[in-house]
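# Remarks on the overall topology
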Amino acid sequence: MMRTGGDIQGILDAIHQNLAYSSRMCLFDELHAWLGLLNHTLGRRSAFENINDYVKACLAQRQDSSLQDKATIRSDFIQKLIELRAEGKIDDADVFNTINVNIAAGSDTTGLTLSAAIYYLCRHPSSAKKLREEIDDATSKGRISDPITFAEAHHLPYLQAVIKETFRVHPGVGMPLPRVVPPGGAEIAGTYFPEGVSQNCH
């Protein structure tokens, strides 16, 4: 999509529809099952199904990757999941669900984080000036290329501080990531939590 500068198989539109739907259903979650049943009864395809079909098609192209010449296998996210499945560390459902979630979640959180970083830099001109100075200095010394690589960006300390501060003040994930209490339990802010309990448990 980045190479062509446009949508492919309606995936961007499907992601947009999914996010709009989810933002409403998180407020009225009891309606989700009923709406799903209604759409199924009326024969309507949801945006979720479009993304599912896309994931299935991508996986189908890789199902026989173990039979391919090793030199032709792409070393990408899908391939790593397929290899984990071959090692018995995950199953088919894990592969499918992980790819499915990353299509929407990856694009949404990346967009949110970039937007937040630009917003806060605009709110704090002195920080934006300091970041520009670091980038200009690195450019003049030939330490970064165009476009900049991940490794080059990693060696710009103020840029890294901006990225981390953006994550702190405006997390891209809309809910707390689950944590499991370690063996022996833990006491947090005066409350004891037994081992094995997840923060998502109620």
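Our structure's up above, just so we're on the same page.
The rules behind the values
- Residues numbered from 1 in each chain as written.
- Predicted model: local features only at pLDDT ≥ 70, side-chain atom pairs only at ≥ 80, totals over all residues.
- Heavy atoms only, no water.
- Helix = DSSP H or I, 4+ residues; strand = E, 2+ residues; numbered from the N terminus.
- Contact = heavy atoms within 4.5 Å.
- Areas by Shrake-Rupley, 256 points an atom, 1.4 Å probe, with all protein chains shown as cover.
- Lys, Arg positive; Asp, Glu negative; His and termini not counted.
- Charge placed at Lys NZ, Arg CZ, Asp CG, Glu CD.
- Salt bridge = Lys/Arg side-chain N within 4 Å of Asp/Glu carboxyl O.
- Core = buried A, V, L, I, M, F, W, Y, C linked by side-chain atoms within 4.5 Å.
- Buried < 20%, exposed > 50% of the residue type's maximum accessible area, 1.4 Å probe, protein only.
- Phe/Tyr/Trp six-rings, centres within 6.5 Å; stacked < 30°, edge-to-face > 60°.
- Axes fitted to C-alpha atoms, helices over the stretch in contact; angles between N-to-C directions.
- Parallel < 35°, antiparallel > 145°, perpendicular 65-115°, else oblique.
- Left-handed = near helix turned anticlockwise from the far one by under 90°.
- Nonpolar A, V, L, I, M, F, W, Y, C, P; charged D, E, K, R; others polar.

### Focus: the overall build of the protein chain
From N to C terminus, the protein chain includes eight helices and two strands. Walking the protein chain from its N terminus toward its C terminus, one meets helices and strands in the order α-α-α-α-α-α-α-α-β-β. Within the protein chain, residue pairs in contact and separated by at least 24 positions form 40% of the contacts whose partners lie at least 6 positions apart. Approximately 15,000 Å² of the protein chain is accessible, and the part contributed by carbon and sulfur atoms is 60%. On the protein chain, the mean spot of the 20 positive side-chain charges and the mean spot of the 24 negative ones are 5 Å from each other.

### Concerning the pattern of salt bridges
What the rule picks out here adds up to six salt bridges. A salt bridge links K141 to D137, with the nearest nitrogen and oxygen atoms 3.4 Å apart. Linking R168 and E165 is a salt bridge whose minimum nitrogen-to-oxygen distance equals 2.7 Å. With R168 and E165 both in helix α8 (residues 157–169) and three residues apart, the pair spans about one turn of that helix. Where salt bridges share partners, they join D137, K141 and R143 into one cluster.

### Side note on the nonpolar core
Among soluble globular proteins, nonpolar side chains are generally buried collectively. I15, I51, V55, L59, I78, I99 and I103 are the most contacted members of the largest nonpolar core, which has 15 residues in total. Where this core is concerned, the elements lending two or more residues are α1 (11–25), α3 (47–62), α4 (77–86) and α5 (92–123). Sequence-distant contacts of L59, defined by excluding residues within four places in its chain, comprise I78, V95, F96 and I99. Counting nine residues, the second-largest nonpolar core is a separate cluster that includes L131, A138, L156 and V162.

### Points about the packing of aromatic side chains
Within this structure, the stated rule accounts for one aromatic pair. Summarising the aromatic geometry, the rings of Y119 and Y120 are spaced 5.0 Å apart at their centres and angled 75 degrees between planes, so their arrangement reads as edge-to-face. A relative accessible area of 42% means that Y119 is categorised as partly exposed. Owing to a relative accessible area of 28%, Y120 belongs among the partly exposed residues under this scheme.

### A word on the packing of α4 against α5
Remark: α4 packs on α5, axes separated minimally by 9 Å, with the N-to-C direction vectors making an angle of 160 degrees. Put simply, α4 runs roughly antiparallel to α5. Both α4 and α5 take part in a crossing whose hand is right-handed. Note on element contacts: α5 touches α4 through D92, V95, T98, I99 and N102, opposite F77, I78, L81 and R85. For the contact of α4 with α5, a count of residues per class yields five nonpolar, two polar and two charged.

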